[in-house]
Amino acid sequence: MRWSQYFINTLREVPADADVISQKLMMRAAMIRKVAAGIYTYLPLGLRSMQKLEAIVREEMGRAGAIELTMPTIQPSELWIESKRWQVYGKELLRVKDRHGREFCYAPTAEEVITDTVRDAINSYRSLPVNLYQIQTKFRDEVRPRFGLMRGREFVMKDAYSFHANRESLDEIYEKMRVAYGAIFNRCGLDHVAVDADTGNIGGSASHEFMVLAQSGEDAVVSCPNCSYGANVEKATSKFFGEPAAAQIEELAPIHTPGTQSIDDVGKFLGKPTSQLVKTLVFDTDKGCVMVLVRGDREGNEIKIKNYLSAEFLEMMPDARFESATGGPIGYCGPVGTKAPRVLADVSLKGLTNWVVGANKSDTHYTGANPGRDFQEPEYGDFTTVFAGDPCPRCATPLEIHRGIEVGHVFKLGTKYSAAMNCTFLDEKGAREPMIMGCYGLGIGRTVAAAVEQSHDDDGIIWPMPIAPFEVVVTQIGKEDNVRAAADDIYRQLRDAGIDAILDDRDERPGVKFKDADLIGFPLRIGIGAKSLAISQIEWSFRKDRAKQLGAAEEVVESVISEVRAARI
RNA sequence: CGGGGUGUGGCGCAGUCUGGUAGCGCACCUGCUUUGGGAGCAGGGGGUCGGAGGUUCGAAUCCUCUCGCCCCGACCA
């Protein structure tokens, strides 16, 4: 490709509304252009990177036995009503009506359509399993789109769906997909981890997230530096040893604690560390009001609580209903004499005696509260979020917490959709069973953006070779005829060798060309100017360190070709 | 959804308080000089000042409504 005939409009200044590095750099490098909040044009350079990633994804999907198809982005409401998600999904689902007033949605994912497709086509266990995927544009009407391609509303995602006659078959394909995902991210040169994850909205049993580690990541990932344990903080657990019981069991005693609504205030007032106090959280759920007790220095984890209760809906109890639901004022609520019908306690409290808790009376706490004696023994469980330094649940090594960008997510769905949508098959005995499903998502744009987050410097992007828009830029320095001819010749040689090269033949000063090349981040650059040509030499360098090497043209071409081939994997 | 901010040429901004008919840098075009890390000089083109309505002799500026975009918050008992 000749730069002068291509479509690259780099920006010297950062657009004011860019908020993360990948977005700033990709906008400046003319890879993406914002059209509306969370909606982008993929400019030619950006599209090339996406297409390169897509090619890798297709290869690995093929290797895992998945078969490509394409489903519509606009889907009829009937299918979504059938799966109940039309009602459940909420405002993230963009709903539209056609001219006849029929309702459709712009698909955020495609379980309904694929299930509908497979139930029509497959009736026998003999035809199972199947694993189908597409690479398709999706739309989720996010409350607050931000971070460029990392959290857009319209985005490109690879989504695969597998259908099985039994659990073992699901386990087998699930494992193949996990391996494929690891291979994809490895090939892109991304530093990533696979972690246990919550299944969230999609539903199902097992689930793993693939996280690219980066400072700007939206998710926190817990990992063990010793064993292979890794999990999303939403889900991570730690090995809690519990507290030794106090030697002396105290009597329940009210104390006057004015103006101490927060745990920190209570701790300061009583001169005790918050780890020796009990924090009371109250939730409103579809299963009723639930009180959750956690150690004062821990944080309640709504997802764990929600999962434990099998609740569909859970939120902090609104202030307006707080007193009537618990019988105590906000800030002074506790388990002793509460009206809350159900009381849970985090495992961190197990064995702890002589609790300090709210007394359900203004400006009053109790000391010496003991479960079983002063109030009903609560249901114990893991209801708090893991902190860095907590012991690993497998090997007790202190856990680490890193920021990560979720680029892939695989689920064992089970029969949630197949049962709801009557996607069944006949087994060996002629019995009709719902198919068992798995689903596997991978964000294309997000992965490309994650690569930029992970690999850049002050001057621009440093692309990993496999997803660089071009592998090599040939920079023509100066416009003398011999320079032009030499640059052209080198470019042709590379192209003939199947290298993805771009020739910077613009009538620009050298500095401009160097700056643009660094900004866009081509992994390799060959520079051809009058100076070095005079001694029959040309130069080449890697973007990552920019150390220039000189050599005869044939040698340089040879070196560059072999470097590119080696880096392609 | 709540709070805050902002909207002026392709990009970044000033001008708004104190109304007088739009300006700077980058980019773009022409010429000359330059030419190994975003050149210099000279000249030039491009903007219904987000939109609608109002006040006024006169509105980017004041008032009302509206739309877009950005930020912060929505684990606190």
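What counts, and where the lines are drawn
- Residues numbered from 1 in each chain as written.
- Chains lettered and ligands numbered in written order.
- Predicted model: local features only at pLDDT ≥ 70, side-chain atom pairs only at ≥ 80, totals over all residues.
- Heavy atoms only, no water.
- Near = heavy atom within 4 Å.
- Polar contact = N/O pair within 3.5 Å; in protein donor to acceptor, adjacent residues only side chain to side chain.
- Helix = DSSP H or I, 4+ residues; strand = E, 2+ residues; numbered from the N terminus.
- Nonpolar A, V, L, I, M, F, W, Y, C, P; charged D, E, K, R; others polar.
- Pairing = 2+ DSSP bridges.
- Axes fitted to C-alpha atoms, helices over the stretch in contact; angles between N-to-C directions.
- Contact = heavy atoms within 4.5 Å.
- 1 Å grid on protein atoms, 1.4 Å probe; cavity = no way out; pocket = protein on both sides within 12 Å on 5 of 7 lines; lining within 4 Å.
- Points joined across faces, edges and corners; volume = space filled by probe spheres on them.
- Domains from an automatic or database assignment.
- Buried < 20%, exposed > 50% of the residue type's maximum accessible area, 1.4 Å probe, protein only.
- Phe/Tyr/Trp six-rings, centres within 6.5 Å; stacked < 30°, edge-to-face > 60°.
- Lys NZ or Arg CZ within 6 Å of the ring centre and 35° of its normal.
- Parallel < 35°, antiparallel > 145°, perpendicular 65-115°, else oblique.
- Left-handed = near helix turned anticlockwise from the far one by under 90°.

Draft legend 1. Summary view of the protein's contact with RNA strand B. Around RNA strand B sit 41 residues, and of these Arg12, Asp19, Arg144, Met316 and Asp518 come closest. Sugar plus phosphate: this is where 47% of the atoms of RNA strand B within 4 Å of the protein reside. Between Phe514 and RNA strand B, the recorded distance is 3.4 Å, taken from a backbone N or O atom to a base nitrogen. At 3.5 Å from a base nitrogen of RNA strand B is found a side-chain nitrogen or oxygen belonging to Lys548. Contributing elements (two or more residues each) for the surface near RNA strand B: strand S14 (278–285), helix H13 (510–520), strand S29 (524–529) and helix H14 (530–534). When the residues that make up the surface near RNA strand B are grouped by side-chain class, the tally is 15 nonpolar, eight polar and 18 charged.

Draft legend 2. Fine view of the sheet that holds strand S27 (residues 472–477). Spatial ordering of the open sheet is given by S28-S27-S29-S30-S31, a layout of five strands whose pairing is mixed. The open sheet is flanked by strand S28 (501–504) and strand S31 (549–551), the only strands paired with a single partner. Neighbour-to-neighbour, the strand axes of this sheet turn through a mean angle of 25 degrees, independent of strand direction. Relative to strand S30 (residues 538–542), S29 runs antiparallel, the two being bridged by four bridges. Paired with Ile526 across the bridge in S30 is Trp540. In the packing of helix H12 (residues 481–496) onto the sheet, the strands contacted are S27, S28, S29 and S30, and the crossing angle to S27 comes to about 170 degrees. Packed on one face of the sheet, helix H15 (residues 553–568) meets S27, S29, S30 and S31 and runs near 20 degrees to S30.

Draft legend 3. Quick look at the layout of surface pockets. The computed volume of the second largest pocket comes to approximately 330 Å³. Elements represented by at least two residues in the lining of the second largest pocket include exactly helix H7 (263–270), S14, helix H9 (319–326) and strand S18 (355–361). Looking at which element gives the most residues to the lining of the second largest pocket, the answer is S14, with five residues. For the lining of the second largest pocket, the residue count by class is 14 nonpolar, six polar and two charged.

Draft legend 4. Layout of the domain arrangement of chain A. Parsing chain A into structural domains produces domain 1 (12–237 + 401–453), domain 2 (253–381) and domain 3 (470–567). Its C-alpha centre places domain 2 at a distance of 67 Å from the equivalent point of domain 3.

Draft legend 5. Region of interest: the environment of Ile114. With respect to the helices and strands, the residue Ile114 is situated in helix H5 (residues 111–121). For Ile114, a relative accessible area of 0% puts it in the buried group. For the pair Ile114 and Met71, spaced 43 residues apart in the sequence, the C-alpha separation amounts to 7.8 Å.

Draft legend 6. View of the packing of aromatic side chains. For the structure on display, the rule yields 12 aromatic pairs. Their ring planes at 50 degrees and their centres at 5.6 Å tell us that Tyr106 and Phe139 sit as a pair that is tilted. Taken together, the positions of Tyr106 in strand S6 (residues 103–106) and Phe139 in strand S7 (residues 130–139) put the pair 33 residues apart, joining distant regions of the chain. Judged by centre distance (6.3 Å) and plane angle (80 degrees), the rings of Tyr181 and Phe185 are edge-to-face. Here Tyr181 and its partner Phe185 are both found in helix H6 (residues 167–187), four residues apart, which amounts to about one turn of the helix. On the basis of relative accessibility, which here comes to 0%, the residue Phe185 falls in the buried class. Members of the aromatic cluster, connected to one another through ring pairs, are Trp3, Tyr6, Phe470 and Phe522. The side chain of Arg48 reaches across the aromatic face of Phe470, ending 3.9 Å from its centre.

Draft legend 7. Up close: empty space enclosed by the protein. All chains considered together, the criterion is met by three cavities of 30 Å³ or more. A volume near 60 Å³ is recorded for the largest cavity. Forming the walls of the largest cavity are 13 residues, and the residues nearest its centre are Ser238, Phe240, Lys304, Asp382 and Thr384.

Draft legend 8. Representation of the packing of helix H2 (residues 44–63) against helix H11 (residues 444–454). At a closest axis distance of 10 Å, the pairing of H2 and H11 adopts a crossing angle of 110 degrees. The orientation of H2 relative to H11 falls into the category roughly perpendicular. The two elements H2 and H11 cross, and the hand of that crossing is right-handed. Only Ile444, Gly445, Thr447 and Val448 of H11 make contact with H2, whose side of the interface consists of Ser49, Met50, Leu53, Glu54 and Val57. Residue composition of the contact of H2 with H11, by class: five nonpolar, three polar and one charged.

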